[in-house]
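One letter stands for each residue in the lines below.
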Amino acid sequence: STSRMSQTMGYSGLFTLYAYFALSGAVVRAISPPFGEYIAQTQKREGEFRRAHSRLIQHAEEVAFLDGSAREKAILNKSLHEVTTWSHFYYFLQFKQGVIDQYALKYFASMIGWPVLAVPFMSSDLSTSEIAARYKENDTLIRSASGSIGDLMLVYKKLQRLAGFTARVTELIESVDAVSHEASNVEVTSEDDGIHFKDVTVHAPDGRLLVKDLTLSLNPGESVFITGANGAGKTSIFRVLAGLWRATSGTVIRPSHGLATTEDGDAAVFYVPQRPYLVSGTLRDQVMYPLEGDPERDDEIVECLQLANLMKVVDSSAAGLNRSEHDWTDVLSGGEKQRIGLARLYFHRPTFAILDESTSAINPDEEGLLYAHIETLGITAFSIAHRMELKRFHALHLHLAADGTGRWSMKNLRRSSWNLESLPGAASLRRSFDGGYSSE
């Protein structure tokens, strides 16, 4: 179409038309807001708004028990206000920019185009019919050229929109890469079947010192009982052990993590939280998680449920282990959820069990029996608990001071098996007045 228009209108008119598009496009881009950044900000605010609702849904029961509805409502209203305020600003800018784009690339373009189209014919010696024919032809060509160039000039807006969405993904990838490239304090080894903390110091994300220079050697058969006030850093030790947190200093040595099995087929380290995760699926899936449910192992699953005193969940349904619920969290009580976690532990029979208050919702008169099953199965417990009666199932007692200094103390609960010189870093320990050992 450009070649045909040059033959009928001449290069001067064509140059004038295209020069206008180049100039107007440059002006429009110069005055356009950074929509790529604005789209990223929009996605961020909307993501935070959705996260606030997901958080409320996930913890609705805890909020109800604490009568926190007024506080949660204020949080959600604040998030909604931020989203709507930003949306008004963003879409108003889009409206103004759309008006400028339409006027600059379409309306004013036609005002320039018609004189360029008409002048060559007004000064020509052609007949009326020939002028009308060429005018119609050029009119069609100039409309097509204007529309194509206008679309081409607006391509950058689509690229800006794409850049806004990809910016959020890029930020996530960069953050993950930054974390993955950090040197880990955790050494995973198959040469040692124990868990060892060597001069480990842990800080909370807000900078608080939780534990300082923790030295602890945990071998199979030597369970550890951990106590301390809320916020002392008990669970933080487990996070460091699992590699979820990075210790400020020191080294942690552990065998293969999670369901990485040892030579005899047992799991090495298994975590049982206070509120076990209940997967969507059958009762069989709950016990075998994270493995896929296998009906051929139903006898093992039933045995584990019997040890956890949870057969009533099986017997209450004709489906048995095939019983499936839309949301198991709503069906089971707090104690039953913890029994599912223990049945899962019995099924996997790991070398070490990380028990994070995993029996806090179970009747105290049954806790001892459940811990006895753990000991009978040859599982070494690394547990947090507040009931002192459970100390008899452990060989060591680790207490965190929770006074901001990172102090800790360790006491032997079975003195006949205690050997100070066998502990890593024994020189850094001193005998305390109660017959245990404390950090300096």
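Figured I'd write up the structure that's included with this text. Computed from a prediction, not measured in an experiment: that's the story for all the values here.

Quick notes on the environment of V279
Piece 1. Tracing the backbone through its elements, the reader meets V279 in the loop between strand 6 (269-272) and strand 7 (281-282).
Piece 2. Judged by relative accessible area, which is 16%, V279 ranks as buried.
Piece 3. Considering only alpha carbons, one finds V279 and T329, 50 residues apart in sequence, at a separation of 9.2 Å.
Piece 4. With sequence-adjacent residues up to four places away left out, V279 is seen in contact with D285, Q286, Y289 and W328.

Regarding the nonpolar core
Piece 1. If you look at the biggest cluster of nonpolar residues, it comprises 34 residues, and the most contacted ones within it are L283, L305, L345, L355 and I374.
Piece 2. When residues of this core are traced back to their parent elements, those giving at least two are strand 6, helix 9 (283-288), helix 10 (298-307), helix 11 (311-315), helix 13 (334-348), strand 9 (352-356) and helix 14 (364-376).
Piece 3. Top element by residues in this core is helix 13. It accounts for six residues.
Piece 4. Ranked by size, the runner-up nonpolar core spans 31 residues in total, among them L216, A232, A268 and V269.

Here's the deal with the environment of Q274
Piece 1. Within the element layout of this structure, Q274 appears in the loop between strand 6 and strand 7.
Piece 2. Taking the relative accessible area as the measure of exposure, Q274 reaches 34% and is therefore partly exposed.
Piece 3. C-alpha of Q274 to C-alpha of L355: the two residues are 81 residues apart in sequence and 7.9 Å apart in space.
Piece 4. Non-local contacts of Q274, meaning those with residues more than four positions away in its chain, are made with Q338, D356, E357, S358 and S360.

A short note on the packing of aromatic side chains
Piece 1. Inspection of every chain in the model, using the stated rule, returns four aromatic pairs.
Piece 2. A ring pair is formed by W86 and F89, whose centres lie 5.3 Å apart and whose planes are at 50 degrees; its orientation type is tilted. Here the residue W86 and the residue F89 both occupy positions in helix 5 (residues 69-122), the gap between them amounting to three residues, near one helical turn.
Piece 3. Summarising the aromatic geometry, the rings of F197 and F382 are spaced 6.2 Å apart at their centres and angled 70 degrees between planes, so their arrangement reads as edge-to-face. Of the two residues, F197 is situated in strand 2 (residues 195-203) and F382 in strand 10 (residues 380-384); the sequence distance between them amounts to 185 residues.
Piece 4. Here the basic side chain of R45 rests over the ring of W86, its NZ or CZ set 4.5 Å away from the ring centre.
Piece 5. Sitting over the ring of W245, R239 keeps its end group 4.8 Å from the ring centre.

What counts and how
Residues numbered from 1 in each chain as written. Predicted model: local features only at pLDDT ≥ 70, side-chain atom pairs only at ≥ 80, totals over all residues. Heavy atoms only, no water. Helix = DSSP H or I, 4+ residues; strand = E, 2+ residues; numbered from the N terminus. Buried < 20%, exposed > 50% of the residue type's maximum accessible area, 1.4 Å probe, protein only. Contact = heavy atoms within 4.5 Å. Core = buried A, V, L, I, M, F, W, Y, C linked by side-chain atoms within 4.5 Å. Phe/Tyr/Trp six-rings, centres within 6.5 Å; stacked < 30°, edge-to-face > 60°. Lys NZ or Arg CZ within 6 Å of the ring centre and 35° of its normal.

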